Amino acid sequence: MKKFFLAAFAALFSLTCLADDYYLNVIANATDSYATASLKKISFENGNVVVTTSDGASTSYAISSISQMYFSSTSAGIGSISNDKSFAWDGTTLSLNGLKGKVQVYQPSGALVASESADSQSINLSRLSKGVYVVNVDGKSFKIIKK
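This section reports on the structure supplied with the text. The model shown is predicted, which means the values in this text are computed figures rather than measured ones.

Focus on the overall build of the chain
Step number 1: Within the chain one finds 1 helix and 13 strands.
Step number 2: Each helix and strand of the chain, ordered N terminal to C terminal, gives the series α-β-β-β-β-β-β-β-β-β-β-β-β-β.
Step number 3: Taking all 147 residues of the chain together, 33% fall into the buried category.
Step number 4: Counting contacts in the chain only where the partners sit at least 6 residues apart, residues at least 24 apart contribute 50% of the total.
Step number 5: With the model as given, the accessible surface of the chain reaches about 8,300 Å², and the carbon-plus-sulfur share is 52%.

Quick look at the structure:
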């Protein structure tokens, strides 16, 4: 049923979302956004949604892991994890490596879920539930995934 819904949704909205300023947003284990102008095809194979871009790159998502898939006029706004070495995330602890200031942790919806002072060099975030979060500290923002 979920596969049928996703296929119908993609078919209905793909015709109206072919302009450069529309995005396909997929929220699964992470949040990914694709400009519709860069999409070649969206297919369903062996219980997966496969997004193929015009440059030939494909990303596969298990249908069971997709919590949302939608088209919008703006990107979901959460990109890849930064390569900045001023922090490290091991899945439960955020190591700050010299960053100072207030650490704020947000859900993708923008809701603040944690706020702590960055006095120490690491912050335990094991109390967070599974999901994607945006961490802001010292004017820098990072995406983390709690599994």
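So, the sheet that holds strand E7 (residues 88-89)
Step number 1: On the basis of which strands lie adjacent, the open sheet formed by 3 strands has the order E7-E8-E11 and antiparallel pairing. Each edge of the open sheet carries a strand with a single partner, namely E7 and strand E11 (122-124).

Quick word on the environment of aspartate 138
Step number 1: The residue aspartate 138 is located in the loop between strand E12 (131-137) and strand E13 (140-146) in this model.
Step number 2: Residues within four places of aspartate 138 in sequence aside, it is in contact with Leu99, Lys100 and Lys102.

A word on the sheet that holds strand E6 (residues 68-72)
Step number 1: Sheet architecture is open: 3 strands sit in the order E2-E1-E6, paired in antiparallel fashion. Two strands bound the open sheet, and with one partner strand each, they are strand E2 (31-35) and E6. The average undirected angle you get between the axes of adjacent strands in this sheet is 15°.

Observations regarding the nonpolar core
Step number 1: Among the nonpolar cores identified, the biggest contains 15 residues, and Leu94, Leu96, Val103, Val105 and Leu125 are the most heavily contacted of them.
Step number 2: Every element with two or more residues in this core is listed here: strand E9 (102-106), E12 and E13.
Step number 3: The element best represented in this core is E12, accounting for 3 residues.
Step number 4: Of all hydrophobic cores here, the second largest spans 12 residues; its members include Ala28, Tyr34, Val51 and Met69.

Some details on the side chain of lysine 146
Step number 1: Within the secondary structure, lysine 146 sits in strand E13.
Step number 2: A polar atom in the side chain of lysine 146 sits 3.5 Å from the backbone oxygen of leucine 128.
Step number 3: With sequence-adjacent residues up to four places away left out, lysine 146 is seen in contact with Trp89, Gly91, Leu125, Ser126, Leu128, Ser129, Lys130, Gly131 and Tyr133.

Here we look at the pattern of salt bridges
Step number 1: Scanning the model with the defined rule gives 1 salt bridge in all.
Step number 2: Note that glutamate 116 is salt-bridged to arginine 127, the shortest N-O span being 2.6 Å. Separated by 11 residues along the polypeptide, glutamate 116 in strand E10 (residues 112-117) and arginine 127 in the loop between E11 and E12 bring together distant segments of the chain.
Step number 3: Assessed through its relative accessible area of 26%, glutamate 116 is described here as partly exposed.
Step number 4: Among the residues examined, arginine 127 registers a relative accessible area of 53% and is labelled exposed.

Some remarks on unusual backbone geometry
Step number 1: Here the phi dihedral of asparagine 46 falls at roughly 50°; this positive angle occurs in a residue that is not glycine.
Step number 2: With a relative accessible area of 78%, asparagine 46 lands in the exposed category.

A short note on the environment of threonine 36
Step number 1: Tracing the backbone through its elements, the reader meets threonine 36 in the loop between E2 and strand E3 (39-45).
Step number 2: For the pair formed by threonine 36 and phenylalanine 71, sequence separation is 35 residues and the distance between their alpha carbons is 8.6 Å.

Calculation criteria
- Residues numbered from 1 in each chain as written.
- Predicted model: local features only at pLDDT ≥ 70, side-chain atom pairs only at ≥ 80, totals over all residues.
- Heavy atoms only, no water.
- Helix = DSSP H or I, 4+ residues; strand = E, 2+ residues; numbered from the N terminus.
- Buried < 20%, exposed > 50% of the residue type's maximum accessible area, 1.4 Å probe, protein only.
- Contact = heavy atoms within 4.5 Å.
- Areas by Shrake-Rupley, 256 points an atom, 1.4 Å probe, with all protein chains shown as cover.
- Pairing = 2+ DSSP bridges.
- Axes fitted to C-alpha atoms, helices over the stretch in contact; angles between N-to-C directions.
- Core = buried A, V, L, I, M, F, W, Y, C linked by side-chain atoms within 4.5 Å.
- Polar contact = N/O pair within 3.5 Å; in protein donor to acceptor, adjacent residues only side chain to side chain.
- Salt bridge = Lys/Arg side-chain N within 4 Å of Asp/Glu carboxyl O.

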